Amino acid sequence: MQVRPSQPEGRPAIGAVVPRFFFHLHGGQDLSDEEGVLLDDLDAVRVQALKGARDIMANEVKSGHLPLNESICVTDEQGAVVHRQRFPDAIVIVHESESE
Amino acid sequence: MNAAPILEPMVRKLELWGPLEEEDRAALLALPYTLREIPQQGYIVRDGDRPTHSCALLRGYAFRQKIVADGERQILAVQIPGDLVDLQNSLLPKADHSVQALTRVEVAYIPREPIVALAFERPAIGKLLWFDTLVDGSIAREWITNIGRRDAYTRIAHLLCEFALRLEKAGIGERDRYELPMTQEQIADATGLTAVHVNRTLRTMDESGFLTRDKRSVVIHDWARLAQAGDFSSGYLHFD
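As the structure is a prediction and not an experimental result, all values here were calculated from the model. (Residues numbered from 1 in each chain as written. Chains lettered and ligands numbered in written order. Predicted model: local features only at pLDDT ≥ 70, side-chain atom pairs only at ≥ 80, totals over all residues. Heavy atoms only, no water.)

Peer 1: What's the story with the interface of chain A and chain B in this structure? I'm lost.
Peer 2: Quoted interface sizes are often the accessible area lost when the parts come together. At the junction of the two partners, chain A supplies 27 residues and chain B supplies 30 residues. Of the roughly 2500 Å² buried at the junction of chain A and chain B (both faces included), carbon and sulfur atoms supply 46%. A salt bridge links Lys51 of chain A to Glu72 of chain B, with the shortest nitrogen-to-oxygen separation between them at 2.2 Å. Where chain A meets chain B, there are six residue pairs in polar contact (both at pLDDT 80 or more). Those elements that place two or more of their residues in the side of chain A that touches chain B are strand 1 (20-26) and helix 1 (42-62) of chain A. A per-element tally of the side of chain A that touches chain B places helix 1 of chain A first, with six residues. (Contact = heavy atoms within 4.5 Å. Buried area = accessible area lost by both parts, 1.4 Å probe. Salt bridge = Lys/Arg side-chain N within 4 Å of Asp/Glu carboxyl O. Polar contact = N/O pair within 3.5 Å; in protein donor to acceptor, adjacent residues only side chain to side chain. Helix = DSSP H or I, 4+ residues; strand = E, 2+ residues; numbered from the N terminus.)

Structure follows, in structure tokens:
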């Protein structure tokens, strides 16, 4: 995770008004996030979704599998969708013909 | 004199590495200390500090961590009650990483001079303290191997196996049922993954049927299969 500048080091997060966001997975297997992550704002949400999508794809690629059908859907504490990260949008695919 | 043996968890931990004569035991229990309660996320030691004390974790869980330039955190180790969370600071002048409370913790701050003195005056104690730092090093080597060479599934399975055995040995949990007060985000930081990836991997584990994890606890239904999935063999913990 990113260490949030808004959370002073050594202080508990208790009482801080940092919103919680939930990162649900869709596509391959639908998987809801019951736990969520505390993040400052939507910029931080976008960064985490991008990193998450790349992290999953990178690991899958190591076993020869690239799940471009998946996406991460982020909701806020009220359940409203605030961001969607499709896996293909998280990477640039360079094809053979383009690289020549 | 301390009426209750406050440092008992620390002594029990050290006794994992070998027997202690009653006099040595008493000398350890008589070490001076200051008790401190630290809230969740609070710092026990900060990277760059010049510590004057070493800390014994008496209650709760803590983790060692480093933060890299872009703000990402790597959890290096998880400490459980009885652990000396920064014994290296009894000799090293400057803390080279931070130790933070994973849950609310109770910590005994022990001044470094009496620890060092005890280690040299009483060789049996010195040997156990040395042993303890060597095992910490062994666990760190295993974590490097885990993060460097194992896939996401294996990394997490391995971590869950390690906690099971350490908590069992410390008398805090059972091998197949224990409290794990770590969020997906913290498991991610300990395994070099992202929280969303950890969630996905834990789901796959759930579906395999040999493990159930809810928010804060782990129930292992098939230890042998989890250990196999986690490429886990316990030798590096030096319990035998």
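Okay, back to it.
Peer 1: I keep staring at the pairing of strand 6 (residues 98-101) of chain B and nothing clicks. Help me out?
Peer 2: Consecutive residues of a regular strand have side chains that alternate between opposite faces of the sheet. Residues and elements named next belong to chain B. Residues Ser98 and Gln100 point to one face of strand 6 and Val99 and Ala101 to the other, with burial holding for every one of them. Here strand 2 (residues 43-45) runs beside strand 6; their pairing, made up of two bridges, is antiparallel. Each bridged residue has a counterpart across the sheet, and for Val45 the counterpart in strand 6 is Val99. Pairing of strand 4 (residues 62-67) with strand 6 involves four bridges; the strand directions are antiparallel. (Buried < 20%, exposed > 50% of the residue type's maximum accessible area, 1.4 Å probe, protein only. Pairing = 2+ DSSP bridges.)

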